[in-house]
Amino acid sequence: MNDPRSALVARLAGFERVVEVGVGRRPDVARRLAQRGVDVTVTDVVRRDVPRGLTFVLDDVTDPAPGVYADAEAAYALNCPPELHRPLRALAREHGLACFFTTLGGDPPAVAVDREQLPGSETLYRVRADGPKGK
C-alpha cells in the first residue's frame, strides 16, 4: 500500500462519521471513505460538485456552522495551509472531534501535533488534545 490516499482512507475508515474540511476539487479520499461505509460530509467555501454518497455543505472553517460538525467523530483537511491549522483545531476542540490534516509538504504544522508517517511518504498530523488552547 504505497498509495498515500489509500493509507489515509485506511487510517480514517475507523470512524463512523467524518467531515472533510475544504474538499476543493479532490473528493477522492471522501468518496473512498463513503464506499467503505463511513458517513462523510465535505465542506468548502465555494459550492462544489461531489460524487454520490457524499454530503456537501457550504462552510468556512474560520467561521464554521456548528450543525455541520455536531454529530461527527473526526474532522480532517488535506493539503491544509498553515493559516487554517488553528481554526481547524478550534473547530475540532469545540465539537470534541479527532482532528487530522496533511500539509502541502514544506509547510510545518502551526499547532501541536503527533506525526504519523503513512506509506507512500505522506505525513498525517493528528492535532494534540493537550496542546495550547489559544487560537
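Here the structure is shown first, and the text comes after it.
Residues numbered from 1 in each chain as written. Predicted model: local features only at pLDDT ≥ 70, side-chain atom pairs only at ≥ 80, totals over all residues. Heavy atoms only, no water.

**Observations concerning the overall build of the chain**
Going by this rule: Elements are defined by DSSP. Helices are runs of H or I of four residues or more, strands are runs of E of two residues or more, and each kind is numbered from the N terminus. Each residue gets one of three labels from its accessible area relative to the maximum for its type: buried under 20%, exposed over 50%, partly exposed in between, using a 1.4 Å probe on protein chains only. Should any heavy atoms of two residues lie within 4.5 Å, those residues are counted as being in contact. Here the open area of atoms and residues is found with the Shrake-Rupley method and a 1.4 Å probe, where only the protein chains shown may cover a residue. Lys and Arg are tallied as positive, Asp and Glu as negative. Neither His nor the chain termini are counted. For the purpose of locating charges, the reference atoms are NZ of Lys, CZ of Arg, CG of Asp and CD of Glu.
Looking only at helices and strands, the chain features three helices and seven strands. Mapped from its N terminus to its C terminus, the chain presents α and β elements in the order α-β-α-β-β-β-α-β-β-β. Considering only C-alpha atoms, the chain reaches an extent of 40 × 35 × 25 Å along its principal axes. Looking at the chain as a whole, 45% of its 135 residues are labelled buried. Within the chain, counting contacts between residues at least 6 apart in sequence, those at least 24 apart form 50% of the total. Carbon and sulfur atoms make up 46% of the accessible area of the chain, which amounts to about 6,900 Å² in all. With 19 positive and 19 negative side-chain charges, the chain shows a spacing of 2 Å between the two charge centroids.

**Examining the packing of helix α1 (residues 4-12) against helix α2 (residues 28-35)**
Each packed pair of helices is defined by two parameters, the angle between the axes and the distance between the axes. Stated precisely, the cut-off is as follows: To get an axis, fit a line to the C-alpha atoms, keeping to the stretch in contact for a helix; angles then go from 0 to 180 degrees between the N-to-C directions. Just so you know how the angles are binned, under 35 degrees is roughly parallel, over 145 roughly antiparallel, 65 to 115 roughly perpendicular, and the rest oblique. Crossing handedness follows the turn of the near helix against the far one: under a right angle anticlockwise gives a left-handed crossing, and clockwise gives a right-handed one. Residue polarity is assigned by list, with Asp, Glu, Lys and Arg as charged and Ala, Val, Leu, Ile, Met, Phe, Trp, Tyr, Cys and Pro as nonpolar; anything else, Gly included, falls into the polar class.
Running from amino to carboxyl end, α1 crosses α2 at an angle of 45°, the nearest separation of the two axes being 9 Å. It follows that α1 is oblique to α2 by the angle criterion. In this structure, the crossing between α1 and α2 has a hand that is right-handed. Facing Arg5, Ser6, Leu8, Val9 and Leu12 of α1, the residues of α2 in contact are Asp28, Val29, Arg32 and Leu33. Partitioning the contact of α1 with α2 into residue classes produces five nonpolar, one polar and three charged.

**Some remarks on the nonpolar core**
Selection criterion: Here, nonpolar core means buried Ala, Val, Leu, Ile, Met, Phe, Trp, Tyr and Cys residues that are tied together by side-chain atoms lying within 4.5 Å of each other.
Val18, Leu33, Val40, Tyr76 and Phe100 are the most contacted members of the largest nonpolar core, which totals 22 residues. Secondary structure elements with two or more residues in this core: α1, α2, β2 (39-44), β3 (54-58), β4 (74-77) and β5 (98-101). If we skip the residues at most four places from it in the chain, Val40 touches Val18, Ala30, Leu33, Ala34, Gly53, Leu54, Thr55 and Tyr76. In this structure, Val61, Ala77, Ala92 and Cys99 belong to the second largest nonpolar core, which totals 19 residues.

**As for the pattern of salt bridges**
The cut-off we apply is this: By salt bridge we mean one thing: a side-chain nitrogen of Lys or Arg within 4 Å of a carboxyl oxygen of Asp or Glu.
A full pass over the atoms with the stated rule returns eight salt bridges. Salt-bridge contacts for Arg5 lead to Glu122; the nearest nitrogen and oxygen are separated by 4.0 Å. Taken together, the residues span a long stretch of sequence, with Arg5 in helix α1 and Glu122 in strand β7 (residues 122-127) at a distance of 117 residues. Residue Asp39 pairs with Arg17 through a salt bridge whose shortest N-O separation is 3.8 Å. Taken together, the residues Asp39 in strand β2 and Arg17 in strand β1 (residues 17-20) connect sequence positions 22 residues apart. Connected through salt bridges with shared partners, the residues Asp28, Arg31 and Arg32 form a single ionic network.

**Focus on the sheet that holds β3**
Rule in force here: When DSSP finds two or more bridges between a pair of strands, those strands are recorded as paired.
Strand order in this open sheet of seven strands is β3-β2-β1-β4-β5-β7-β6, and the pairing throughout is mixed. Looking at the sheet topology across the chains shown, the edges are occupied by β3 and β6 (113-118). Strand-to-strand twist in this sheet, taken as the mean axis angle between neighbours without regard to direction, amounts to 25°. Judged from the six bridges that link them, β6 and β7 form a sheet pairing that is antiparallel. Each residue of the ladder has a partner; that of Leu118, found in β7, is Glu122. This element, α1, spans β1, β4, β5, β6 and β7 of the sheet and lies at about 30° to β7. Helix-sheet contacts for helix α3 (residues 85-95) involve β4, β5 and β7, and the interaxial angle to β5 is about 160°.

From the geometry alone we can't say anything about function, so treat these as descriptive.
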